[in-house]
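Descriptive structure summary
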Amino acid sequence: MELRPYQWEVIMPALEGKNIIIWLPTGAGKTRAATYVAKRHLETVDKAKVVVLVNRVHLVTQHREEFSRMLDGHWAIATLRGDMGPRPGFGHQARSHDLLICTAELLQMALTSPEEEEHVELSDFSLLVVDECHHTHKDTVYNIILSRYLEHKLRRVLPLPQVLGLTASPGTGGASMLSGAINHILQLCANLDTWRIMSPQEHQPQLQEHIRQPCKQYDLCQQRSQDPFGDLLKKLMDQVHDYLEMPELSRDFGTQIYEQQVVELSREAAEAGLQERRVCAIHLRRYNDALLIHDTVRAVDALDALQDFYDRERATKIQVLLAERWLLALFDAHKNELTCLATHSPENPKLELLEHILQKKFGSSDNPRGIIFTRTRQSAHSLQLWLQQQPGMQTVDIRAQLLIGAGNSSQGIHMTQRDQQEVIRKFRAGILNLLVATSVAEEGLDIPHCNVVVRYGLLTNEISMVQARGRARAGQSVYAFVAAKGSRELRRELTNEALEALMERAVAIVQKMDQAKYQAKILCVRESCLQPFWKQIRDLQWEALVKRAAQAEQRLSRQQQFLAEHVRLFCINCSVAVGHGSDLRKVEGAHHVNVNPNFSIYYTVSQKPVVIDRDFKDWSPGGTISCRKCGEAWGLQIIYKSVKLPVLQVRSMLFETPRGRLQAKKWSRVPFPVPDFDYVQHCAQNLQDLSLE
């Protein structure tokens, strides 16, 4: 296996068994360097076992190809993904293979699983490779796993695996000053128990020769001079505000800040039992979504999204409130005018710029391949429709497809993980030459022939900017940023460039902290005094563990506030009482089900099962479950080991505690304990109930 000089330089400490972070630009061969470290590790360490963690399912297959090619079939490699369906347990796979490549979630589940076939310990591995390791912070799965590692280390629970982190973008952690950026880098080092961040020093010129940075261009347009469609949407929102009689509410329509306001209003109204105020907040959010879509793509796309919402409201709601009747009538009264304005609306200036970029790049004969990054799944879907329908796009050879997230979302648009894999395969092979993608494609996707990257009206951080730019791997690539002049998106992109430079300065300072010479000294950087590197790392590790322990205690305390039998469950929409907290159980630690057999009188199940193009080990999806009284969607039915169980979405329920009502954002934040589902006990109880009958 051949490595370039700069790759040899960065891996040398890892070959000596030290924990390091490899910091190399995208396209510089981080994975190849890590593969060589793994190869040498397997060759030289007794009973070596390597696990490679990734944060995206599609990267499992990509890494498998890379490691298999480099390791040349000498070691047994296994891949584990959440979409694999029935499979041997994680523990069994770990014991019978030399190298595992898996999503971090699966390793975390295995570390906490009580089942022998599934369970593993960190000590079962001798090398832990963490891809895109800048995600090792806060409550990410990466950081949960590495916190377990640090806890074992500081308590001297041995042996522990060597840790190898890989990243192109450590980031600044939200800091805008050098001292804060340095602290962020030090915390990342602490979380990964890093001896040093390695980037080329001696061989930096060779790295620059190899890396082909794309040519960045700012494609900026003027704001719409006239916007009759958007003006009408805002007029309708004004009428809803007048109906609410809440003058204190902001009317900064068409912004994410406004979206946060109405989401909070919806929650507060639900907890106070103000159903009409809640539905007004929900409808205002949909109008705001339409304004955001209109700003990004076309008026017809915004109207389609709004129409879909009202069609679903009519199709699913059984009980309709007075406010809902008024809201439906308001939309109906203006639907024709909205349709007329949307059809004859002036072209979005940003789309005109995008059309010019694509015609220029894809109108040539040099087989271009590109990715358009956009913020939401809805905007990605709308952009794909625009590509199919815009006359100017029919004259160039564009073969486009979506690449968006696999999970369900409030937007109702998603891809299965198999769909993602197939789209990536076709893009690599050249069958497709353009992806319209959300952030799912930002990290790790290795397409050597990709030479066009467009960030379309995005408001993200410096890590996303660096990662998206890195998808342009081919020579003479273009990285275009499309936005309106004076927009928040443009200001953020310029800020990101400054933050990237700040990140590089912070990493350089941390790298220069001499681990021997400065053990007894204090290195001052500007006005903040920094202690010797290893002392800081050790202190940060202890602080992180203490903080995590305190957070765990807070979570436990929050979950123990009330006895489960003292908490009542209500439908979030119609407030009908449907059960108690004591009726709930957790299946596989994630799916919250109601096991009370009487619960079935409160909901209906759709005949058509929910389509999830993915196999699960112990369960399969059934139909959608909805409130029998009002039609509100509550979740879905699953068939778990032949038992039918209703899985509830936490946002579909309102919880009444002895101190009042509340709506929880996550099941982990409900103020009462939910025990694990016991399949044997449940079956025995059902048999007992049948015998009593």
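These remarks concern the structure in this document. (Residues numbered from 1 in each chain as written. Predicted model: local features only at pLDDT ≥ 70, side-chain atom pairs only at ≥ 80, totals over all residues. Heavy atoms only, no water.)

A closer look at the packing of aromatic side chains
The way to describe two aromatic rings as a pair is by their centre distance and the angle between their planes. If you walk through the whole model with that rule in mind, you get 14 aromatic pairs. Seen from their ring centres, Tyr 243 and Trp 326 are 4.3 Å apart, and the 15° between their planes marks the pair as stacked. Here Tyr 243 is found in helix 9 (residues 228–244), whereas its partner Trp 326 is found in helix 13 (residues 322–343), with 83 residues between them in sequence. Look at Trp 326 and you get partly exposed, because its relative accessible area is 27%. Centroid distance Phe 309 to Tyr 310: 5.0 Å. Interplanar angle 70°. Geometry classified as edge-to-face. There is no split in this pair, since Phe 309 and Tyr 310 are both buried. An aromatic cluster of three or more residues is present, and its members are Tyr 287, Phe 309, Tyr 310 and Phe 331. Above the plane of the ring of Trp 195 lies Arg 196, whose end atom (NZ or CZ) is 5.1 Å from the centre. Positioned above the aromatic ring of Tyr 679, the side-chain terminus of Lys 641 is 5.4 Å from the ring centre. (Phe/Tyr/Trp six-rings, centres within 6.5 Å; stacked < 30°, edge-to-face > 60°. Helix = DSSP H or I, 4+ residues; strand = E, 2+ residues; numbered from the N terminus. Buried < 20%, exposed > 50% of the residue type's maximum accessible area, 1.4 Å probe, protein only. Lys NZ or Arg CZ within 6 Å of the ring centre and 35° of its normal.)

So, the side chain of Gln 390
Summarising the element assignment, Gln 390 is placed in the loop between helix 15 (377–389) and strand 10 (400–403). A polar side-chain atom of Gln 390 sits 3.2 Å from a polar atom in the side chain of Glu 347. Only 3.0 Å separates the side chain of Gln 390 from the side chain of Glu 355, close enough to count as a polar contact. (Polar contact = N/O pair within 3.5 Å; in protein donor to acceptor, adjacent residues only side chain to side chain.)

Quick look at the packing of helix 17 (residues 462–469) against helix 18 (residues 488–511)
In contact at an axis separation of 8 Å, helix 17 and helix 18 are set at 85° when each is read in the N-to-C sense. Relative to helix 18, the element helix 17 lies roughly perpendicular. Taken together, the residues of helix 18 that come into contact with helix 17 (itself represented by Glu 462, Met 465, Val 466 and Arg 469) are Arg 492, Glu 493, Asn 496, Glu 497, Leu 499 and Glu 500. (Axes fitted to C-alpha atoms, helices over the stretch in contact; angles between N-to-C directions. Parallel < 35°, antiparallel > 145°, perpendicular 65-115°, else oblique. Contact = heavy atoms within 4.5 Å.)

Focus: the sheet that holds strand 17 (residues 577–580)
With antiparallel pairing, 4 strands are arranged side by side in an open sheet as 17-16-24-25. With one partner strand each, in any of the chains shown, strand 17 and strand 25 (660–662) form the two edges of the open sheet. With direction set aside, neighbouring strand axes in the sheet form an average angle of 30°. Across 3 bridges, the pairing between strand 16 (residues 568–571) and strand 17 is antiparallel. The partner of Phe 570 across the bridge, within strand 17, is Ala 577. (Pairing = 2+ DSSP bridges.)

Let's talk about a positive patch on the surface
Judged by side-chain charge, Arg 651, Lys 665, Lys 666 and Arg 669 come together as a positively charged surface patch. Structurally, the position occupied by Lys 665 is in the loop between strand 25 and helix 20 (679–692). (Patch = residues over 30% accessible without salt bridge, like charges linked within 9 Å, V, L, I, M, F, W, Y side chains within 5 Å. Areas by Shrake-Rupley, 256 points an atom, 1.4 Å probe, with all protein chains shown as cover. Salt bridge = Lys/Arg side-chain N within 4 Å of Asp/Glu carboxyl O. Lys, Arg positive; Asp, Glu negative; His and termini not counted. Charge placed at Lys NZ, Arg CZ, Asp CG, Glu CD.)

Re the sheet that holds strand 2 (residues 50–54)
Read across the open sheet, the 7 strands follow the order 3-4-2-5-6-1-7; overall the sheet is parallel. The open sheet is flanked by strand 3 (77–80) and strand 7 (196–198), the only strands paired with a single partner. With strand direction ignored, the average angle separating the axes of adjacent strands in the sheet is 20°. Pairing of strand 2 with strand 5 (residues 127–130) involves 4 bridges; the strand directions are parallel. Of the residues in strand 5, the one forming a bridge with Val 51 is Leu 128. The strands that helix 2 (residues 30–44) touches are strand 1 (20–23), strand 2, strand 4 (99–103), strand 5 and strand 6 (162–167); relative to strand 6, the one it contacts most, it runs at about 165°.

Functional significance is not addressed by these values, which are geometric in nature.
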